[in-house]
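What follows is the residue order along each chain.
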Amino acid sequence: MSNVAKRLRAVRSTVRRAWFPVGGALLLTLLAAMPSTYAASTGFTSTASVSPNSVSPGSPVTITAAFTSNSSITNVTLDVEVRDSVNSKVFQQAFTGQSFSAGQTSSVTTTWSAPSTASGLYTVKTGAFSADWSIGYGWNDNAATITVSTSSSSTGLQVTSSATVSPAQVNPGGSTQIASVFTASASASNITLDVEVRNSANTKIFQQAFTGQSLSAGQTRSFTSTWAVPSTLATGSYTVKTGSFSADWATGYGWNDNAASITVGSGPIPTPTATLTSTPSPTPTPTSLPSTGTYYVDCSGGNDANSGTDTTHAWASLSRANQAALQPGNALLLKRGCTWTGPLNVRWIGTALLPITIGAYGSGNLPQIQNTSTQVPVSGSYVILDSLHVRSDPDSYTGCNNNPIGARYGIAFQPGSAHNVVQNSLISDLAVGVFFESGSQSNQLKNSQLANNIMLFNVDPYVNDGGAQAVLISGDSNDVGYNQIYGSYACSTRYGVDGTAVEVWGGGSNNRIHHNVTWNNSEFTELANSTNTVYAYNIVNGHAALTNHAGVLGTTAYNNVFYSTGGSGDNGIVCNSCSPSALTLMNNIIWAAGGVSASGQHFNEGYNIYWSNNGSPYLDTSISSTSKVINPQFVNPGVDFHLQSTSPAINAGTLASVTAGWTLDLSGTTVPLGGLVDSGAYETR
């Protein structure tokens, strides 16, 4: 981050302190203007189970739904529905006139016969309502799932699946590896293999879909997913479920409803540990290797004199791996549980149809690359970096809360690199976790965990106060999606705290940051000298959200949740040199003391919900008539950002987000459900 940016931040902090004298009067005005809304003390939770969970078309399924009330109530309607993959209702049964005492649980049972034309994944949804359906007491949008398999398909395809997890017990904030195995009964192409983690109420917590897969008859394919467990996730037992579907998800070829189990224990977010290895010798001139196949690297059992072509003849060092003349379709696999001092130089060129894979094999922790200036510099193209852990020890520590110091980069997409993917990886303990450098383009970071990247570049912030950035983007047309980013929260001797989840700085254009969940970062994002950056369906939990600095055009934010319960220093939106061409803000929920700071300048704003702890978010510019200052009614503010059934954010958005191509919410639900888009990151019934 530049010193100019820091000075702007200091100025903003001064402005924030002046916001609150008007808060009390404004709050009274807002309360007087707010319509009365139902504030029931009654609340219901519900779950469902199905038997069997996988049927053929025309077969019956027994659905048992359990409802629990937190208070005594009479004349309640209990609702059980089945909906298809596009959320169309295909079955409903209502149980009217029900009565509950406080804490009582009652179960109802019904039968759904899958239509003869049915196929694919169906969802059971349950809820409780007043007798006239005008008041909702609680809704479970994903109570259970039913797979209808078309066994009479032209291919007769059936895919069996199983899974193992390592470790099987993990603390909140940690991660575990899910190894899934799929076996096909007949040849298949362009199918989707699905891996999910669900809680005891069958709510989907994690999903990874492996699309475009091909299997021959009898072939078994294995895949590895990394589940980064949210630090706020409740302890308990979670279930891994696996299945296979057609490319459009309309036809299911097999579903394992209990492929494996994971126990989430209690405890702090773990800090990755490291075992230092000796620094490898300088990389020699690349030598020729065969142009096909997979090569293996084993830090303990390998030997650089080996062929590297199987696990019993693996290489030992990254120096040897850096020599590999990998060709399109080749793979370089690093053994799990191993640690190397970097760098791993990714200079290879794959193709769109035959990318090169850098991945992991074996069992145990992710293979770790550490303790050099840039752990994985990427100068090649069409390379997939899968299931790696990159991190570094610092050079020194400051007197400011012992904050680490060191110019350490994790994965750096260098100028000229293009069409590379980082996925299922852990990037931690660095100054910059993933760097999209100027001159790089069309690279992707997805399904990864970026944790505790709190280094600053220099002990003297007046020399170079950069760092503490999980993601730094200066390149073009890059994509950052479906990641968990937390802990970019550094102690700065000059500014108190610093750190950014995603920073777009120095000329980047057409970048997309979407479907990420972030928490405990000093700020979610800052932009300077960038154009056409899009933020969509992100959850930002804690501290400042989005700041547009000078030289920014075309920033667009759709359907984000910006949530902060801090004081005046924790902003929602800050827009410097603001104008309609600088910032577009649509369908967002902004819960922050400093809702909008734009120095009175107008920008393209509408269909947003603003709120704060005291009911009076600071807005220093007028907002559109389509926007509201009102409590969005999250299910559990700060923990669960789904909307309650009575939320004013439901159907409060504009279809402009859909027109722009954002048709799935944070949980993968198709948008819109009810004709209009909801504000926020989750679409609701």
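Residues numbered from 1 in each chain as written. Predicted model: local features only at pLDDT ≥ 70, side-chain atom pairs only at ≥ 80, totals over all residues. Heavy atoms only, no water.

1. Some points on the confidence of the model for the chain
Step number 1: Put simply, the chain has an average pLDDT of 83, and 86% of its residues get 70 or more.
Step number 2: Within the model, pLDDT remains below 50 along residues 1–41, and this stretch shows 65 contacts once partners closer than five positions in the same chain are excluded.
Step number 3: A low-confidence stretch, residues 151–155 stays under pLDDT 50, and its non-local contacts, those more than four residues away or across chains, total 4 contacts. (pLDDT = per-residue confidence, 0-100. Contact = heavy atoms within 4.5 Å.)

2. Some words on the environment of F223
Step number 1: Among the secondary structure elements, F223 is positioned in strand β14 (residues 220–228).
Step number 2: Along the backbone, F223 and S180 are 43 residues apart, and their C-alpha atoms lie at a distance of 5.3 Å.
Step number 3: Those residues in contact with F223 that lie beyond four places of it in its chain are I178, A179, S180, F182, L193, F210 and Q213. (Helix = DSSP H or I, 4+ residues; strand = E, 2+ residues; numbered from the N terminus.)

3. Quick notes on the sheet that holds β14
Step number 1: A sheet is described by the order of its strands in space; here 3 strands give the open sequence β9-β11-β14, paired in antiparallel fashion. The sheet is open, and its two edges are formed by β9 (159–166) and β14, each paired on a single side. In this sheet, adjacent strand axes meet at a mean angle of 20 degrees when their direction is disregarded.
Step number 2: By the bridge criterion, 8 bridges tie β9 to strand β11 (residues 175–184) in an arrangement that is antiparallel. In the sheet register, T160 faces β11, and the bridge partner there is T183. (Pairing = 2+ DSSP bridges. Axes fitted to C-alpha atoms, helices over the stretch in contact; angles between N-to-C directions.)

4. Thoughts on the sheet that holds strand β13 (residues 204–215)
Step number 1: Pairing is mixed in the open sheet, where 5 strands are placed in the order β10-β16-β15-β12-β13. Of all the strands in the sheet, the pair left with one neighbour each is β10 (169–170) and β13.
Step number 2: Sheet analysis places β10 next to strand β16 (residues 252–264), joined by 2 bridges and oriented parallel. From the neighbouring strand, Q169 faces β16, where its bridge partner is T263.

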